[in-house]
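Each chain, letter by letter, is given below.
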Amino acid sequence: MHSRKPRVWGVFGGFVTPSPTRGLVNSADTYMPYGDREAAPWFLASQLVLELTRCG
């Protein structure tokens, strides 16, 4: 089985934000689609996410 039209959808990882006590706070892992310019600077990606369509 293969996908005739794979598409890069986004990334998997977590948000990292500064804490009031000098350090960083990690969030639970989640997905983020490409194009989210507001959240991207705070997101640490660990895996690429592909969307597989037209599988057969």
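See the structure printed just above.
For the rest of this paragraph, the subject is the overall build of the chain. Helix and strand content of the chain: 0 helices and 4 strands. Over its C-alpha atoms the chain spans a radius of gyration of 15 Å, topping by over 25% the 10 Å that the globule rule assigns to 56 residues. Principal-axis analysis of the C-alpha atoms places the extent of the chain at approximately 50 × 20 × 10 Å. By the burial criterion, 21% of the 56 residues in the chain qualify as buried. The average position of the 6 basic charges and that of the 4 acidic charges among the side chains of the chain differ by 11 Å.

Tallied over the full model, the rule gives 2 aromatic pairs. Taken together, a centroid distance of 4.8 Å and an interplanar angle of 55° make the contact between phenylalanine 12 and tyrosine 31 tilted. Within this pair, whereas phenylalanine 12 is found in strand β1 (residues 7-18), its partner tyrosine 31 is found in strand β3 (residues 30-33), the two being separated by 19 residues in sequence. A relative accessible area of 17% places phenylalanine 12 in the buried class.

With that settled, the discussion passes to the pattern of salt bridges. This model, assessed by the stated rule, comprises 1 salt bridge. Put simply, arginine 7 and glutamate 51 hold a salt bridge, and the shortest N to O gap is 2.7 Å. In this pair, arginine 7 is assigned in strand β1 and glutamate 51 in strand β4 (residues 43-51), connecting sequence segments 44 residues apart. Glutamate 51 sits in the partly exposed class, given a relative accessible area of 30%.

Here we come to the environment of asparagine 26. Mapping asparagine 26 onto the fold places it in strand β2 (residues 24-26). Linking asparagine 26 and glycine 10, residues 16 residues apart in sequence, is a C-alpha distance of 19 Å. Those residues in contact with asparagine 26, other than ones at most four positions away along the chain, are Phe15 and Val16.

For arginine 22, which is not glycine, the phi torsion reads 60° and is therefore positive. Note on placement: arginine 22 falls in the loop between β1 and β2.

Definitions and cut-offs
Residues numbered from 1 in each chain as written. Predicted model: local features only at pLDDT ≥ 70, side-chain atom pairs only at ≥ 80, totals over all residues. Heavy atoms only, no water. Helix = DSSP H or I, 4+ residues; strand = E, 2+ residues; numbered from the N terminus. Rg over C-alpha atoms; globule rule 2.2 N^0.38 Å. Buried < 20%, exposed > 50% of the residue type's maximum accessible area, 1.4 Å probe, protein only. Lys, Arg positive; Asp, Glu negative; His and termini not counted. Charge placed at Lys NZ, Arg CZ, Asp CG, Glu CD. Phe/Tyr/Trp six-rings, centres within 6.5 Å; stacked < 30°, edge-to-face > 60°. Salt bridge = Lys/Arg side-chain N within 4 Å of Asp/Glu carboxyl O. Contact = heavy atoms within 4.5 Å.

Geometry only, nothing functional implied.
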